[in-house]
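Residue strings, one per chain:
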Amino acid sequence: EASVVLTKEQMEEEHGSFISKDDHLVAYYKSAVSGWNLVGDIPVSALVKDAKKIFNYTIIIALLAAVAAIIIGIVVARMIGSPLINLRNLMQQGAKGKLTVRANYKSQDEIGQLGASFDVMMQQITTLVQQTSTSAQAVFETAQELTNSSKVTATAAREIAVATDEISNGAGGL
């Protein structure tokens, strides 16, 4: 067993600690009542022997937490990513003119609400295209009627012009 020697400065201090040459933690305290120095020492290896176990447990828990985070990340990415990719593909089809595509999502979460809004939007666009087609057909029919009326009016105008010309010739002959 090694002996512990305090320096003069350490003996004058109230308390303190240091690591000795033989790797012991030395702590000392000067009693205010008796003036004596109380000194205790313990090997540093005894203090840190359980630190390796704690370190190993910390590493294991950190690795398990990382694996759990990766698994949760993959699950969340699939839960959110797949429906969004599907919705994006449906929107691309709609942009190309296929107005019959629908998401038909049944969930009530944000993705389901987005799908329902997409379905409503596509229905509204389909209705708008149908109304535009109906209006265009009505305009076409009206244009045909105007064309026919204009032909009838032109024919009547020619007949009136011929009749007026005959009246004029007849008046000139009188």
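No experiment lies behind these values; they were computed from the predicted model shown. (Residues numbered from 1 in each chain as written. Predicted model: local features only at pLDDT ≥ 70, side-chain atom pairs only at ≥ 80, totals over all residues. Heavy atoms only, no water.)

Colleague: What is the right way to look at the pairing of strand β1 (residues 15-19) in this model?
Modeller: Looking down a regular strand, the side chains alternate between one sheet face and the other. Looking at chain direction, β1 and strand β2 (residues 24-30) are connected through five bridges and run antiparallel. Considered in β2, the bridge of Ile19 is made with Leu25. Two successive antiparallel strands, β1 and β2, enclose a turn made up of four residues, where Asp23 displays a positive phi of approximately 60°. (Pairing = 2+ DSSP bridges. Helix = DSSP H or I, 4+ residues; strand = E, 2+ residues; numbered from the N terminus.)

Colleague: I would appreciate a short explanation of helix α3 (residues 51-95) in the present structure.
Modeller: The α-helix winds at 3.6 residues per turn, so residues separated by three or four positions along the chain end up facing the same way. Along its 45 residues, α3 runs 63 Å from first to last C-alpha, staying within 8% of the 66 Å computed at 1.5 Å per residue. Arg78 marks where α3 bends most, by close to 25°. Every buried residue of α3 is listed here: Pro83, Leu87, Leu90 and Gly94. Elements in contact with the buried residues of α3: α4 (110-173). The first or second residue beyond α3 is Gly97, which carries a positive phi of 110°. (Expected span 1.5 Å × (residues − 1). Bend = angle between axes of the 7 residues up to and from the residue. Buried < 20%, exposed > 50% of the residue type's maximum accessible area, 1.4 Å probe, protein only. Contact = heavy atoms within 4.5 Å.)

Colleague: I tried to follow the sheet that holds strand β3 (residues 37-43) on my own but got confused; where do I start?
Modeller: Strand pairing within a sheet occurs via backbone hydrogen bonds; the two strands may be parallel or antiparallel. Strands sit in the order β1-β2-β3 across an open sheet of three strands; the sheet is antiparallel. One side of each edge strand has no neighbouring strand; the edge strands of this open sheet are β1 and β3. The mean angle between the axes of side-by-side strands here comes to 15°, regardless of whether they run parallel or antiparallel. (Axes fitted to C-alpha atoms, helices over the stretch in contact; angles between N-to-C directions.)

Colleague: When you look at the packing of aromatic side chains in this model, what are you seeing that I'm missing?
Modeller: Between two aromatic rings, the relevant description is the distance of the centres plus the angle of the planes. This structure, assessed with the given rule, holds one aromatic pair. Here the aromatic rings of Phe18 and Tyr28 are separated by 6.3 Å at their centres, their planes lie at 50°, and the arrangement is tilted. With Phe18 in strand β1 and Tyr28 in strand β2, this residue pair connects regions lying ten residues apart in the sequence. Phe18 gets classed as partly exposed once you look at its relative accessible area, which sits at 21%. For Tyr28, a relative accessible area of 5% translates into the label buried. (Phe/Tyr/Trp six-rings, centres within 6.5 Å; stacked < 30°, edge-to-face > 60°.)

Colleague: Honestly, the packing of α3 against α4 in this entry has me stumped. Any pointers?
Modeller: If you want to describe how two helices pack, look at the angle between their axes and the distance between the axes. Interaxial distance between α3 and α4 falls to 11 Å at its minimum, and their mutual angle equals 10°. On the basis of their axis angle, the class for α3 and α4 is roughly parallel. Facing α3, whose interface residues are Ile80, Pro83, Leu84, Leu87, Leu90, Met91 and Gly94, α4 presents Ile111, Leu114, Gly115, Phe118 and Met122. Taken together, the residues that form the contact of α3 with α4 break down as ten nonpolar, two polar and no charged. (Parallel < 35°, antiparallel > 145°, perpendicular 65-115°, else oblique. Nonpolar A, V, L, I, M, F, W, Y, C, P; charged D, E, K, R; others polar.)

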